[in-house]
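Chain by chain, the residues run as shown.
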Amino acid sequence: MHDPKVIVALDFPSVNEALELANRLDPKLCKLKIGKELFTATGPSCVEKLVSSGFDVFLDLKFHDIPNTVASACKVAAQLGVWMVNVHALGGRAMLTAAREAIDNELHRPKLIAVTLLTSMGSEDMHETGLLGEPQEAVLRLAKLAQTSGLDGVVCSAQETAMLRRELGYEFALVTPGIRPADSSRDDQVRIMTPSDAIYMGSSYLVIGRPITRADDPLHMLKKINSEIELLGEIE
Ligand SMILES: O=c1ccn([C@@H]2O[C@H](COP(=O)(O)O)[C@@H](O)[C@H]2O)c(=O)[nH]1
């Protein structure tokens, strides 16, 4: 597989569990994501181990703070050699611009993307937090803010990708969690889509955690998802 589309979310409480799963996978077949649980438990050493095992690593810490703090955190993340890092679009233009400028001059510049609206949220959750409109409107507004601030892409749900492709073009990365194979439980995800539908609608990368990490055979599940996606490429 040329550029793996699946990013496996290693949501584990220890380095041993994360490495055990990673050792069953293959950098040619997927990328890996380190999120808040694993990073809080293990710190940068786990990031460095996975980077040196040859995996592209997405450091998903969703930085959201004042511009100076976020910029400094992004710079340190770049120095860990990660492939992608993210911030929260709700931090606003000054924060997004500061984050981008902080990594622009790094020797190794990771892709920088912004979270729009969490895939665990639907309209009601949005309204309770004071965000007006429907998910598609909020996602479009925040994605435009990220694009005009010079970021490389956004995290959104695959339910928004067709609309974002029309509005923002084909170069902007659309990274979509909330991916569920047809027979999987939706867990705490709300705005979901199957892997092949998500690629068809325009996702650049699919973030998939529990359907792979909790499968009896994670490698088999990953290969099954990859074949589903590749098949789609052949049909087009
Ligand atoms: O909007 C978002 C942003 C990030 N995530 C992260 O993706 C994975 C999804 O895991 P699953 O087990 O496939 O649900 C997880 O690490 C989240 O923190 C997201 O789901 N939605």
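Residues numbered from 1 in each chain as written. Predicted model: local features only at pLDDT ≥ 70, side-chain atom pairs only at ≥ 80, totals over all residues.

Draft legend 1. The overall build of the protein chain, seen in detail. Per the secondary structure count, the protein chain includes 11 helices and eight strands. On C-alpha atoms alone, the protein chain measures out to a radius of gyration of 17 Å, which is about the 18 Å that the 2.2 N^0.38 rule sets for 236 residues. Projecting the C-alpha coordinates of the protein chain onto the three principal axes gives extents of approximately 45 × 35 × 35 Å. By the burial criterion, 43% of the 236 residues in the protein chain qualify as buried. The contacts in the protein chain between residues at least 6 apart in sequence include a share of 70% that link residues at least 24 apart. (Helix = DSSP H or I, 4+ residues; strand = E, 2+ residues; numbered from the N terminus. Rg over C-alpha atoms; globule rule 2.2 N^0.38 Å. Buried ≥ 20, exposed ≤ 12 C-beta atoms within 10 Å, placed from the backbone. Contact = placed C-beta atoms within 7 Å.)

Draft legend 2. Up close: the sheet that holds strand β5 (residues 111–115). Strand order in the closed barrel formed by eight strands is β1-β2-β3-β4-β5-β6-β7-β8, with parallel pairing between adjacent strands. Averaged over all pairs of adjacent strands, the angle between strand axes in this sheet comes to 25°, irrespective of strand direction. In the sheet, β5 pairs with strand β6 (residues 153–155) via three bridges, with the strands oriented parallel. Directly across from A114, in β6, lies its bridge partner V154. Where helix α5 (residues 93–104) meets the sheet, its contacts fall on β4 (84–88) and β5, and the angle it forms with β5 comes to roughly 165°. (Pairing = 2+ DSSP bridges. Axes fitted to C-alpha atoms, helices over the stretch in contact; angles between N-to-C directions.)

Draft legend 3. Quick peek at the nonpolar core. I7, V8, L32, C74, A99 and A114 are the most contacted members of the largest nonpolar core, which has 70 residues in total. Per-element accounting of this core gives the leading share, six residues, to helix α7 (residues 135–148). The residues contacting V8, other than those within four sequence positions of it, are L25, C30, L32, K33, I208, I212, T213 and L222. (Core = buried A, V, L, I, M, F, W, Y, C linked by C-beta atoms within 7 Å.)

Draft legend 4. Expanded view of the site of the ligand. Taken together, 15 residues sit near the ligand, with A9, L118, P177, G209 and R210 positioned nearest. Of the residues belonging to the shell around the ligand, the class tally is seven nonpolar, five polar and three charged. (Near = placed C-beta within 6 Å. Nonpolar A, V, L, I, M, F, W, Y, C, P; charged D, E, K, R; others polar.)

Draft legend 5. Seen up close, the UniProt feature "domain: Orotidine 5'-phosphate decarboxylase" (unreviewed entry) in the protein chain. In the numbering used here, UniProt assigns the feature "domain: Orotidine 5'-phosphate decarboxylase" (unreviewed entry) to residues 5–225. Each end of residues 5–225 is marked by a C-alpha atom, and these two atoms are 10 Å apart; helix forms 44% of the span and strand 16%. (UniProt positions renumbered as here; feature names shortened; annotations may be inferred.)

Draft legend 6. Up close: unusual backbone geometry. Its identity as a non-glycine residue notwithstanding, K62 has a phi of 45°, on the positive side. Tracing the sequence through the fold places K62 in strand β3 (residues 57–63). The backbone of D187 shows a phi angle near 50°, a positive value even though the residue is not glycine. Among the structural elements, D187 can be located in the loop between β7 (173–176) and α9 (195–201).

Draft legend 7. Quick look at the environment of L50. Take L50: it is sitting in helix α3 (residues 44–52). Assessed through the 25 C-beta atoms surrounding it within 10 Å, L50 is described here as buried. Placed 28 residues apart in sequence, L50 and A22 show a C-alpha to C-alpha distance of 7.9 Å. Filtering out sequence-adjacent residues up to four positions away, L50 remains in contact with A22, L32, F55 and V57.

Draft legend 8. Here's a closer look at the packing of helix α4 (residues 67–79) against α5. Where α4 contacts α5, the axes come no closer than 8 Å and their chain directions differ by 30°. One element, α4, and the other, α5, form an angle in the roughly parallel class. Where α4 crosses over α5, the handedness of that crossing is right-handed. Only A94, M95, A98, A99, E101, A102 and I103 of α5 make contact with α4, whose side of the interface consists of P67, N68, V70, A71, S72, C74, K75 and A78. Residue composition of the contact of α4 with α5, grouped by class: 11 nonpolar, two polar and two charged. (Parallel < 35°, antiparallel > 145°, perpendicular 65-115°, else oblique. Left-handed = near helix turned anticlockwise from the far one by under 90°.)

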